[in-house]
Amino acid sequence: MAATSMDCSIGSQLFTTRFGSKSSKVRAFSVRCSSVPFSADGAAAVGLVERPWKVADARLVLEDGSIWRAKSFGASGTQVGEVVFNTSLTGYQEILTDPSYAGQFVLMTNPHIGNTGVNFDDEESRQCFLAGLVIRSLSISTSNWRCTETLGDYLAERNIMGIYDVDTRAITRRLRQDGSLIGVLSTEETKTDKELLEMSRTWDIVGVDLISGVSCKVPYVWVDKTESEWEFNAKGRGEAFHVIAYDFGIKHNILRRLASYGCKITVVPSTWPASEILKMKPDGVIFSNGPGDPSAVPYAVETVEEIIGKVPVFGICMGHQLLGQALGGTTFKMKFGHHGGNHPVRNLRSGRVEISAQNHNYAVDPASLPKGVQVTHVNLNDGSCAGLAFPERKLMSLQYHPEASPGPHDSDIAFAEFVQLMIQEKEKA
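Caption draft 1: Local environment of the overall build of the protein. Regarding its fold elements, the protein presents nine helices and 21 strands. Relative to all contacts within the protein whose residues are 6 or more apart in sequence, the contacts with residues 24 or more apart total 74%. Taken as a whole, the protein presents about 20,300 Å² of accessible surface, with 52% of it coming from carbon and sulfur.

So this is what it looks like as structure tokens:
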């Protein structure tokens, strides 16, 4: 039977009725409807008008066999990646440009996304590295004084796929129960569900070097500080220190915060030899955040091994995990990782609780670390290791992001602690 659409009109007429000596007015309504047949493609056979709303034109197929139909925005095509959920309420543009999401579909648990559009100032790297974006509701309008374009246009220009009108709560519950899952996102009708499922089950993110694809190719100098209108910790900075930052997927705000604390920064590629670093005689070295499995980049672990103990070092996220391995410890893949701007962490030295921004799927096993290494921070959600210190080797590290972007500023003090580590080392000389 052909599909039809009902075309209805409503009319009304006013009547006067009498009950004994009293009269009252009554309005009667009439509804007239006629059916309009639709063709197979959904257009009306009479008049050929298109539906005024978008219909589901994309599929997210997970490796567990579940198929989620949705509406697409941004780029079209077929893409495979690991699905993770992010609990941040704001900052979707910073999340999109965080290189640590390379190879992953980011599902936002906050349902309404896109209402502030995008702008140039909130970029955290030179491009989007994530595989795709999964959201519940896409804002149909933007309202922000810094907005330059819509989220959909932004993703399309960068060839990033996105889907909306999908049950993100149900997918999140599945990820929490079963762990992170590989998925395939496709807008191509020619690909069958079976083909997409096979793609999800034959692709793996474990053991893949994702750092080499996001790192810079040549060294460069970074000078930009946090702009005055956004500065939240405007204290005297004192003496300037030369810091070399290894780019394993570094976020711009790590560099801004270091510059705001008075550091002169040289950024080097992930494969830059440790011997060249030591020739530059830096006051300190940063091992940055980055995507993927730390066990997949043994060259980075070797670099860290050659540097620690010689100059003060600070590891952030991936850098924290590489330091753990370089010290002889092991790392493991978490069930669904930590992704969001609301993770409570306890500083075991001060007892202070920080609300932190996090983005990682791997963690350091503290039981595997040698004597002398101190666990300084613990994630209060699951008790995992969130920070290390080894005073004898002049190192400190955090599993989360002290620079936030997006997220709270509770942990910004870590940059001051790194500066203090460099001051102490200089006083010894």
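Caption draft 2: Summary view of the environment of Leu-62. Following the sequence through the fold, Leu-62 ends up in strand E3 (residues 58-62). For the pair Leu-62 and Leu-196, spaced 134 residues apart in sequence, the C-alpha separation works out to 8.6 Å.

Caption draft 3: Examining the packing of aromatic side chains more closely. Per the counting criterion, the structure on display carries eight aromatic pairs. With a centroid separation of 5.5 Å and an interplanar angle of 40°, the aromatic rings of Phe-85 and Phe-336 are classed as tilted. In this pair, Phe-85 is assigned in strand E5 (residues 78-86) and Phe-336 in strand E17 (residues 331-347), connecting sequence segments 251 residues apart. Assigned by exposure class, Phe-85 and Phe-336 land together as buried. Each ring, one from Tyr-246 and one from Phe-248, has its centre 5.8 Å from the other, and the planes form 15°; the classification is stacked. Assigned by exposure class, Tyr-246 and Phe-248 land together as buried. Between the NZ or CZ atom of Arg-146 and the centre of the ring of Trp-145, over which it lies, the distance is 6.0 Å. Lys-333 extends its terminal NZ or CZ atom over the ring of Tyr-362, reaching a point 6.0 Å from the ring centre.

Calculation criteria
- Residues numbered from 1 in each chain as written.
- Predicted model: local features only at pLDDT ≥ 70, side-chain atom pairs only at ≥ 80, totals over all residues.
- Heavy atoms only, no water.
- Helix = DSSP H or I, 4+ residues; strand = E, 2+ residues; numbered from the N terminus.
- Contact = heavy atoms within 4.5 Å.
- Areas by Shrake-Rupley, 256 points an atom, 1.4 Å probe, with all protein chains shown as cover.
- Phe/Tyr/Trp six-rings, centres within 6.5 Å; stacked < 30°, edge-to-face > 60°.
- Buried < 20%, exposed > 50% of the residue type's maximum accessible area, 1.4 Å probe, protein only.
- Lys NZ or Arg CZ within 6 Å of the ring centre and 35° of its normal.

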